[in-house]
Amino acid sequence: KFSDIGYIEYNKERKHWFAILKEKKIQLKRNISADDILKLSPLFAQINQQQIINISHLDTIEGKECKLDSLFKETSKLIISRNYFNTVQDRFLIL
């Protein structure tokens, strides 16, 4: 289920997107793009070139860093780039 995904991260070395769930990491299909992922669910919001978050798990935005809910406390840094900041902030405030 898409709602189980906390965020999706691109691994440049392996050239794959990985979905990060609370207890596991799932490799996505090789030829999938960020645009393809964003079309899968309205819950997904891109925060930078390598990361897409599930907005339903977004707890707060501190400066430019996304803090997810307690299921995803041990995560990579989720930093919103300047190009995506307003969009992510607007979508978060709508929730």
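No experiment lies behind these values; they were computed from the predicted model shown. (Residues numbered from 1 in each chain as written. Predicted model: local features only at pLDDT ≥ 70, side-chain atom pairs only at ≥ 80, totals over all residues. Heavy atoms only, no water.)

Caption draft 1: Quick peek at the confidence of the model for the protein. Put simply, the protein has an average pLDDT of 91, and 99% of its residues get 70 or more. When mean pLDDT is compared element by element in the protein, strand β4 (residues 44-48) scores highest at 97, while helix α2 (residues 82-94) scores lowest at 88. (pLDDT = per-residue confidence, 0-100. Helix = DSSP H or I, 4+ residues; strand = E, 2+ residues; numbered from the N terminus.)

Caption draft 2: Inspection of the nonpolar core at higher detail. Within the largest apolar cluster, 16 residues are counted, with the highest numbers of intra-cluster contacts made by Ile47, Ile53, Cys66, Leu78 and Ile80. Taken together, the elements giving at least two residues each to this core come down to β2 (16-21), β4, β7 (65-68) and α2. The biggest single contributor to this core is α2, with 3 residues. If sequence neighbours within four positions are ignored, Ile53 has contacts with Gly6, Tyr7, Leu43, Phe44, Ala45, Ile47, Leu58, Cys66 and Leu78. Counting 10 residues, the second-largest nonpolar core is a separate cluster that includes Ile8, Leu21, Ile32 and Ile52. (Core = buried A, V, L, I, M, F, W, Y, C linked by side-chain atoms within 4.5 Å. Buried < 20%, exposed > 50% of the residue type's maximum accessible area, 1.4 Å probe, protein only. Contact = heavy atoms within 4.5 Å.)

Caption draft 3: Summary view of the sheet that holds β4. One open sheet holds the 5 strands; their spatial order is β3-β2-β1-β5-β4, and the pairing between them is antiparallel. A strand with exactly one partner marks an edge of an open sheet, and here the two such strands are β3 (25-27) and β4. Neighbour-to-neighbour, the strand axes of the sheet open up by a mean angle of 25°, direction not taken into account. Bridging between strand β1 (residues 5-11) and strand β5 (residues 51-54) involves 3 bridges; their strand directions are antiparallel. Bridge pairing links Glu9 to Gln51 in β5. (Pairing = 2+ DSSP bridges. Axes fitted to C-alpha atoms, helices over the stretch in contact; angles between N-to-C directions.)

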